[in-house]
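Residues per chain are reported as follows:
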Amino acid sequence: GLSTTQALVRVQRVRMEGSGVWSFDGRAEQKSCHFATPPPSREQVSYLVVEAGVSAEGWQAGLVRVDDLEWHRVSFLRKSETPVVVSQIQTHTGGDWVKTRQRSVTTVGFDIKQEEDGLDIGHNTEVYGWIAMPAGAGTMSGNAFEAIITPNEVTHEAYTVPFTSTFGAGMP
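As a starting point, this report considers the structure included with it. Predicted model only: the values in this text are computed from it and were never measured.

Reading the values: the criteria
Residues numbered from 1 in each chain as written. Predicted model: local features only at pLDDT ≥ 70, side-chain atom pairs only at ≥ 80, totals over all residues. Heavy atoms only, no water. Pairing = 2+ DSSP bridges. Helix = DSSP H or I, 4+ residues; strand = E, 2+ residues; numbered from the N terminus. Polar contact = N/O pair within 3.5 Å; in protein donor to acceptor, adjacent residues only side chain to side chain. Contact = heavy atoms within 4.5 Å. 1 Å grid on protein atoms, 1.4 Å probe; cavity = no way out; pocket = protein on both sides within 12 Å on 5 of 7 lines; lining within 4 Å. Points joined across faces, edges and corners; volume = space filled by probe spheres on them. Nonpolar A, V, L, I, M, F, W, Y, C, P; charged D, E, K, R; others polar. Core = buried A, V, L, I, M, F, W, Y, C linked by side-chain atoms within 4.5 Å. Buried < 20%, exposed > 50% of the residue type's maximum accessible area, 1.4 Å probe, protein only. Salt bridge = Lys/Arg side-chain N within 4 Å of Asp/Glu carboxyl O. Axes fitted to C-alpha atoms, helices over the stretch in contact; angles between N-to-C directions.

## Describing the pairing of strand E2 (residues 22-29)
It is a general feature of regular strands that their side chains alternate between the two faces of the sheet. Here strand E1 (residues 8-16) pairs with E2 via seven bridges, running antiparallel. Bridge assignment links Gln12 to a residue of E2, and that residue is Asp25. The hairpin turn running from E1 into E2, its antiparallel successor, is five residues long, and Gly20 in that turn takes a positive phi close to 90°.

## A closer look at the side chain of Ser87
Here Ser87 lies in strand E6 (residues 83-89). Within the structure, Ser87 has its side chain in polar contact with the side chain of Gln102 (distance 2.3 Å). When residues no more than four places from it in sequence are discounted, the contact partners of Ser87 are Thr100, Gln102, Ile112, Gly129 and Trp130.

## Concerning the layout of surface pockets
Reported here for the largest pocket is a volume of approximately 1,600 Å³. For the largest pocket, the lining is made up of 41 residues, of which Tyr47, Leu48, Val49, Val50 and Ile131 are closest to its centre. Contributions of two or more residues to the lining of the largest pocket are made by E1, E2, strand E4 (60-66), E6, strand E9 (126-134) and strand E11 (143-147). When grouped by side-chain class, the residues that make up the lining of the largest pocket number 28 nonpolar, 10 polar and three charged. There is about 260 Å³ of room inside the second largest pocket. Lining the second largest pocket are 13 residues, with Val105, Ile148, Ile149, Thr150 and Asn152 sitting closest to its centre. Those elements that place two or more of their residues in the lining of the second largest pocket are E6 and strand E7 (98-103). Tallying contributions element by element places E6 first for the lining of the second largest pocket, with three residues. Taken together, the residues of the lining of the second largest pocket sort by class into eight nonpolar, three polar and two charged.

## So, the environment of Val14
In this structure, Val14 sits in strand E1. With 76 residues separating them in the primary sequence, Val14 and Gln90 have C-alpha atoms 7.1 Å apart. Those residues within four positions of Val14 in sequence are excluded, and the remaining contacts are Trp22, Ser23, Phe24 and Gln90.

## Side note on the nonpolar core
Among the nonpolar cores identified, the biggest contains 12 residues, and these are Val64, Val66, Val74, Phe76, Val85, Ile89, Val98, Phe110, Ile112, Tyr128, Trp130 and Ala132. Ranked by residues supplied to this core, first place goes to E9 with three residues. If sequence neighbours within four positions are ignored, Phe76 has contacts with Gln60, Pro83, Val85, Thr106, Thr107, Val108, Gly109, Phe110, Trp130 and Ala132. Core analysis: the second largest hydrophobic core is formed by six residues, Val84, Ile131, Met133 and Ala147 among them.

## Concerning unusual backbone geometry
Positive phi is not limited to glycine here, since Arg13 has a value of about 55°. Relative to the helices and strands, Arg13 is located in strand E1. Not every positive phi belongs to a glycine, and Ser104 is a case in point at roughly 50°. With respect to the helices and strands, the residue Ser104 is situated in the loop between E7 and strand E8 (109-116). Looking at Ser104, the relative accessible area reads 42%, which means it is partly exposed.

## Points about the pattern of salt bridges
The full count for this structure, using the stated rule, is eight salt bridges. A network of salt bridges, in which partner residues are shared, links Arg13, Arg15, Glu17 and Asp25.

## So, the sheet that holds E7
Read from one edge to the other, the open sheet built from three strands follows the order E5-E8-E7, with strand pairing classed as antiparallel. Since the sheet does not close on itself, it has two edges, and those belong to strand E5 (72-75) and E7, each with one partner. Here the strands of the sheet are splayed against their neighbours by 35° on average, with no regard to which way each runs. As paired strands, E5 and E8 are joined by four bridges and run antiparallel to one another. Residue pairing for E8: Arg73 is matched across the bridge by Asp111.

Structure (structure tokens):
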């Protein structure tokens, strides 16, 4: 049967191949306290790749190295009025389960940290990639997108996030 245990995608080995093509390795990883039988099944994964810097549309992206479990302030490359921030660990330097957390998003930056599976006693240095985009709806290369900031209402209970845009049949 299929596993119903939550997992996150870990990215590692972001690199340019000898042919000049960029690639990365990814895998589904569960929290150590939630090892399920069966383990995560084969999953379809979506991803977004952008270069570090600032786009004409106001999107910006960068990298930050984190070597502890404390909060670190990241400054935007350019001020952003209503930024929506997404981050992802770009390395896999240790055996412990870890994910990113963000808080205190302002017009000039945000706080980021790595969080382990409840242990939070130390972790190897990891590299995080982050992207900040203006809140709202638009298109990128002809594809519709919506970047949303929820109110401080999201908890462990289901919370409905309404879209303001109409999306095509490709929505799940």
